Amino acid sequence: MLPNELTELAKRVCKQKCEEQTIELKAAHDGTPKRLYDTLSSFSNQDSGGIIIFGIDEKQGYEIVGVYDPQDLQKKVTEQCGQMEPPVRALFTIAEMDNVWICSAEIPSIDLSERPCYYKGAGRIRGSYIRVGDADLPMTEYELYSFEAFRKHLHDDERPVANASRESLDEEKLEEYIALRKQERPGFARLPETQICEMLNICRGNEPTLAAVMNFGLYPQGYFPQLCITAIVVPGTEIGETDDMNARFLDNRRIEGTIPEMVEQALLFCRRNMKIRTTIDSETGLRTDRTEYPVDAIREAVLNALIHRDYSIYTEGTPVQIDFFSDRLEIHSPGTLYGRMSVEQLGYARPDQRNPALAVMTEILTSAENRYSGIPTMRRAMKEYHLPEPKFENRRDEFVVTFYNRLTAVRDVEQRTHDAEHAEDLNTRLLAFCRTPRSRQEIADFLNIKTVFYAMKKYVQPLINDGRLGMTIPDKPQSRSQKYYTK
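Position numbers for residues count from 1 along each chain, tracking the sequence in the order it is written. Local features in this predicted model are restricted to residues of pLDDT 70 or higher, and side-chain atom pairs are both shown and tallied only at a pLDDT of 80 or more, whereas totals for entire chains, interfaces and linings draw on every residue. Excluding hydrogens and water, the side-chain figures rest on all heavy atoms present in the structure.

Some points on the side chain of Thr366
Tracing the backbone through its elements, the reader meets Thr366 in helix H11 (residues 356–366). We define a polar contact as two N or O atoms separated by no more than 3.5 Å, with the added condition that, inside protein, one atom must be a possible hydrogen donor and the other a possible acceptor, whereas residues neighbouring each other in sequence contribute only through side-chain atom pairs. Within the structure, the side chain of Thr366 is placed 2.6 Å from the backbone oxygen of Thr362, a separation counted as a polar contact. Note on conventions: DSSP H or I runs of at least 4 residues are helices, E runs of at least 2 residues are strands, and numbering of each starts at the N terminus.

Here's what the structure looks like:
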């Protein structure tokens, strides 16, 4: 970061008067903050890293108070960085602002294989933090385990199920599955039966694996009561709303069985509770019935939720959820995205497999492609239905897919039309205001926008590009004396 970039960032933060996911403020005018460990840990443990700005005091209304001694501050912050495991390598920048010195420390993200970064003095369990909004929160046991599972290549779908036995599995389906695998690999068929079951991740010793129980079990919920699906229909847009008869749910179902059975039952539940739209082709007169949401998209979302959910002991008490609302359908899968995958990469990058054994079994039993085509299928199906693109959220303890229906699509069109009309009205007023040349700050104040940069990017630059606004100093666009006028 360059000094001028630091001053611009400081101005923006002081104007908006709040910290961010990647910005932490510290006063430091009376000395180096004693406890930076939680922020150093949380910034290191998120993909984007973060920036600590020293010299801004939140308690004094985000006033620029400066730092006591930039050189000593850097030295002591570096000492605290060295007490982290792995050590944090901060990058410092110093800038003068309001006749005082401010300082920033850029905290880089560490590789996923090295997380969590924690304070050695508190230990891994108590010294690991995660950033949530503008707060540094202690990591939960599940979050710590997630990093360890990825680093050590632990797969919970392969763990043996205590008290289960081969007799608890559907022997006919299991034999068909094994026969198919033998057919695909003739040499594999010559191995002993016990070794075949080990290699196919069906058993560990005499005990079936979780993957086998969930795919071939006669009653999987006898061992894992909450590894099921709970499905509800809410008469509104939020849980808790009721209908005219004071009913909280229009339909409420607990779906159990193996993964293939749960997928089919979930689709039946969804079909039963979706509105059907009928259209008549004006040329052929043929009638076409179309469900509220594309069934293909729902099937992929349910399959993904069951195959890629977290099956560790920390989440085995949480079922997959299907929630119908009047304007959307939500599918909740316990556990966050696995490994290096981010929401932005979904459907484009090849993900790490959380449950490889379970995925292979389910692929054969349900004809699930398991070729990373689920997300593109959802997007394509929603587009073909002329519905909004599905929304994917990676929350702290779950992954959520949301499908919006036609009611939302109509509202979106109305909102876009309203926004366009509002923007044109604002442009008209702004052009009238700029008949007298105006500075950046004057324009931001007129628009009632706190951030000058946002006002310029959102409203002024498009008008310049359209040739409706001009600059008084066109040869020096970034000049501090620059003003803008209506052509």
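Okay, back to it.
Considerations on the sheet that holds strand E1 (residues 23–26)
A pair of strands counts as paired when DSSP detects no fewer than two bridges linking them. Read across the open sheet, the 4 strands follow the order E1-E2-E7-E6; overall the sheet is mixed. At either margin of the open sheet sits one strand with a lone partner, and together these are E1 and strand E6 (91–97). Sheet twist, expressed as the average angle between the axes of neighbouring strands with direction ignored, equals 20 degrees. Note: strand E2 (residues 50–54) against strand E7 (residues 100–107), 5 bridges, orientation antiparallel. From the neighbouring strand, Phe54 faces E7, where its bridge partner is Cys103. Throughout, a residue-residue contact means that at least one pair of heavy atoms, one from each residue, lies within 4.5 Å. Fitted lines through C-alpha atoms give the axes, limited to the stretch in contact for helices. The angle between two N-to-C directions lies from 0 to 180 degrees. Against the sheet, helix H1 (residues 3–16) engages E1, E2, E6 and E7, with an angle of about 70 degrees to E6. Together, E1, E2 and E7 form the strand contacts of helix H2 (residues 37–44), whose direction differs from that of E2 by roughly 150 degrees.

Describing helix H10 (residues 295–308)
One less than the residue count of a helix, multiplied by 1.5 Å, gives the span that helix is expected to have. With 14 residues, H10 extends 20 Å from end C-alpha to end C-alpha; this agrees with the ideal 20 Å at 1.5 Å per step. Within H10, 10 of the 14 residues are buried, which leaves the element mostly enclosed by the surrounding structure. What H10 keeps buried is the set Val295, Ala297, Ile298, Glu300, Ala301, Val302, Leu303, Ala305, Leu306 and Ile307. Buried, partly exposed and exposed residues are distinguished by accessible area as a fraction of the type maximum, computed with a 1.4 Å probe on protein chains only: under 20%, between the cut-offs, and over 50%, respectively.

Section: the sheet that holds strand E14 (residues 251–255)
Spatial strand order, E14-E13-E17-E18-E20-E19: 6 strands in an open sheet with mixed pairing. Looking at the sheet topology across the chains shown, the edges are occupied by E14 and strand E19 (391–394). With direction set aside, neighbouring strand axes in the sheet form an average angle of 10 degrees. One ladder, built from 5 bridges, connects strand E13 (residues 229–233) with strand E17 (residues 320–324); its direction is parallel. In the strand pairing of E17, Ile229 is matched with Val320. Docked against the sheet, helix H12 (residues 374–384) engages E19 and strand E20 (398–404), running at close to 20 degrees with respect to E20.

Considerations on the pairing of E19
In terms of strand pairing, E19 meets E20 through 4 bridges, oriented antiparallel. In the strand pairing of E20, Glu393 is matched with Val400. Counted between consecutive antiparallel strands, the loop separating E19 from E20 contains 3 residues.

What about the packing of H10 against H11?
The geometry of a pair of packed helices is captured by two quantities: the angle between their axes and the separation between those axes. Across the interface, H10 lies against H11 with an axial gap of 10 Å and an inter-helix angle of 145 degrees. Taken as a pair, H10 and H11 cross one another with a handedness that is right-handed. Along its contact with H10, which presents Arg299, Leu303, Leu306 and Ile307, the element H11 presents Leu358, Ala359, Thr362 and Thr366. Left-handed is the label given to a crossing in which the near helix is rotated counterclockwise from the far helix by less than a right angle, and right-handed is the label when the rotation is clockwise.

Quick notes on the pattern of salt bridges
Criterion for a salt bridge: a side-chain nitrogen of Lys or Arg within 4 Å of a carboxyl oxygen of Asp or Glu. This structure, assessed with the given rule, holds 35 salt bridges. With a shortest N-O distance of 3.5 Å, Lys26 and Glu24 are connected by a salt bridge. For Glu24, a relative accessible area of 7% puts it in the buried group. Between Arg131 and Asp136 there is a salt bridge, with the nearest N and O atoms lying 2.8 Å from each other. Taken as a pair, Arg131 and Asp136 share a single burial class, namely buried. A cluster of three or more residues bridged by salt bridges with shared partners is formed by Arg166, Glu171, Glu175, Lys182 and Glu193.

Quick notes on the side chain of Asn201
Inspection of the secondary structure puts Asn201 in the loop between helix H7 (193–199) and strand E11 (203–204). Of the polar contacts made by the side chain of Asn201, one reaches the side chain of Arg204; its length is 2.5 Å.

Details of unusual backbone geometry
Note the cis peptide between Glu85 and Pro86, where omega equals -5 degrees. Relative to the helices and strands, Pro86 is located in the loop between strand E5 (84–85) and E6. Omega for the bond connecting Arg115 with Pro116 falls within 30 degrees of zero, at 5 degrees, which places this linkage in the cis form. By the element assignment, Pro116 lies in the loop between E7 and strand E8 (118–119). Even without being a glycine, Lys17 presents a positive backbone phi close to 55 degrees. Tracing the chain through its elements places Lys17 in the loop between H1 and E1. Here His153, not a glycine, exhibits a phi torsion of approximately 55 degrees, which is positive. If you trace the backbone, His153 turns up in the loop between helix H5 (141–152) and helix H6 (171–184). Judged by relative accessible area, which is 60%, His153 ranks as exposed.

Coordinates in, geometry out; function isn't part of it.
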